[in-house]
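Each chain, letter by letter, is given below.
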Amino acid sequence: MRSPAARMLHINLFIFGCGHHRGAWRHPQSSVERLGDIRYFEELAQIAERGKLDAVFFADGHAAGDVADSSWWYLEPLTTLVAISRATEKIGLISTVSSTFYTPFHAARLLASLDHISGGRMGWNLVTSMFDTEARNHGYEAMPAHADRYRRAEEFADAVLKLWDSWRDDAILCDRHGQYADPNKVQAINHEGEFFLVDGPLNVPRPVQGNPVLFQAGASEHGVNLAAQCAEAIYAVAYDLPAAQAYYRKVKARVKAAGRNNPVPIMPGLVTYVASTEAEALAKQRELDELLPTASSLKQLGLFIEQDCSEWELDAPVPKLPPLDTFSGPKGRYSTILRIIETEKPTLRQLLGRLAAGGGHCTLVGTPEHIAETMQHWFENAGADGFNLMPPSLPSGIADFVDQVVPELQRRGLFRTEYTGSTLREHLGLERPHPR
Ligand SMILES: Cc1cc2nc3c(=O)[nH]c(=O)nc-3n(C[C@H](O)[C@H](O)[C@H](O)COP(=O)(O)O)c2cc1C
């Protein structure tokens, strides 16, 4: 057993519709009819809180996807988290906020309000968004160029942080015979930059945590640099331990080079199929894979690998694909596909299933001991400080994890048995920042 002060895993539940497997909503027992029911999301957060997880997390997009595939339908995350904050007590609440589509004042105000409402449990995942369909809902013809989006994101984060610091912690006096707040402690920020003009101060007092915890998930050079400069915790995509270690080393070195001593926990995504035997876990995976509509999955794979695979045999090994350096399309996803084929030697159906559930993220199928062992191995070998759980189906995938894997992690002294703090910062071991 480790000492109570030992480094602990951070575990976060990434909530997404009926689960991260694209076929999950088609399962006869899925909660697909409840995707508009806030109690469904409250229950998911309550299961995560029962497992003492650090936080629940919502991604966000600004365009409707393929409505024939209803897994793309979701409630707006910040409003959803208001409800979840009232249905839970300790667990952290993280929402994505896009620096391309919000203004700093709007984002700072919403997140500060939620930090007060939740008693200091908010985090925000700063993204620059990705798709032209989103841009076209916000007054752009197409997405601004990648480098422009990241320049805006940098200035956006700076302005939001200044707004949160525009009220000193001790500004509010509530002196019934004098002042409500000390005007010397509520100051304009007078921000003037390339993208924004923001006078401030904010019309919400300093958040409970000083700042809601800033997450980032950039993978490009611009993305990693932004994360190194200002992220307090990072989401990552890593297919296996060597990929996780390479990203981990790079980001930690950049954080140091940016002159920061912060711990900046790194949390790769993790897809798990858990059962008391490996055979049962594999059967769970196969059950979901079989729900995928074959024709559209093959069409999507065809787009990723730029060749027609509609006639390929589903239950035979995937035919050999051309090497990465001869491939002219987008290389990120193609290299993941090659890696899955090389290491797992899947049938075509299995490959479609892997891509339909978390794609390039690490996928573990097996017993609680096997999953806990692998998580420990990554944690102790500079691959991860924690994990962003992406259960293939919800709620069963998170209930399985909480009931079976969490006790095993606790037995190994790798995960808390009780919350020791009440804010997300405390769960993550991050200091409350001083006003700048
Ligand atoms: C766990 C995770 C969650 C993400 N959530 C979102 C999201 O909600 N909205 C979004 O537009 N991008 C999201 N992204 C994408 C990243 O913000 C980022 O754009 C991506 O990792 C590519 O990096 P780059 O922009 O530096 O090229 C997410 C990425 C990860 C790993």
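Residues numbered from 1 in each chain as written. Predicted model: local features only at pLDDT ≥ 70, side-chain atom pairs only at ≥ 80, totals over all residues.

A. Inspection of the overall build of the protein at higher detail. Along the backbone of the protein there are 14 helices and 11 strands. Relative to its length of 436 residues, the protein is compact, with a C-alpha radius of gyration of 22 Å against a globular reference of 22 Å. Principal-axis analysis of the C-alpha atoms places the extent of the protein at approximately 80 × 55 × 45 Å. Here the protein holds 436 residues, and 45% of them are scored as buried. Long-range contacts, defined here as pairs at least 24 residues apart, represent 76% of the contacts in the protein between residues at least 6 apart. (Helix = DSSP H or I, 4+ residues; strand = E, 2+ residues; numbered from the N terminus. Rg over C-alpha atoms; globule rule 2.2 N^0.38 Å. Buried ≥ 20, exposed ≤ 12 C-beta atoms within 10 Å, placed from the backbone. Contact = placed C-beta atoms within 7 Å.)

B. Up close: helix 9 (residues 294-305). Between the first and last C-alpha of helix 9 there are 16 Å, a value that for 12 residues agrees with the 16 Å anticipated at 1.5 Å per step. At the exit of helix 9 stands glutamate 306, carrying a positive phi of roughly 55°. (Expected span 1.5 Å × (residues − 1).)

C. Local environment of the site of the ligand. Lining the immediate surroundings of the ligand are 19 residues, of which Ala59, Ala217, Gly218, Ser220 and Gly223 lie closest. Sorting the residues of the shell around the ligand by element identifies strand 4 (122-127) and helix 6 (221-230) as the ones contributing at least two each. Classifying every residue of the shell around the ligand by side-chain character gives 7 nonpolar, 11 polar and 1 charged. (Near = placed C-beta within 6 Å. Nonpolar A, V, L, I, M, F, W, Y, C, P; charged D, E, K, R; others polar.)

D. Here's a closer look at the environment of leucine 292. Position of leucine 292 among the secondary structure elements: in the loop between helix 8 (278-289) and helix 9. Owing to 22 C-beta atoms within 10 Å, leucine 292 belongs among the buried residues under this scheme. Once residues lying within four places of it in the same chain are set aside, the contact partners of leucine 292 are Arg22, Gly23, Ser297, Leu352, Gly353 and Ala356.

E. Layout of unusual backbone geometry. Following glycine 200, the chain continues into proline 201 via a peptide bond in cis, with omega recorded as -5°. Of note, proline 201 is situated in the loop between strand 6 (197-198) and strand 7 (213-216). Put simply, leucine 394 and proline 395 share a cis peptide bond, and its omega is 5°. For proline 395, the location among the structural elements is in the loop between strand 11 (386-389) and helix 13 (396-411). At asparagine 190, a residue that is not glycine, the phi angle is positive and equals roughly 45°. With a phi angle near 55°, glutamate 306 is a residue other than glycine that sits in the positive phi range.

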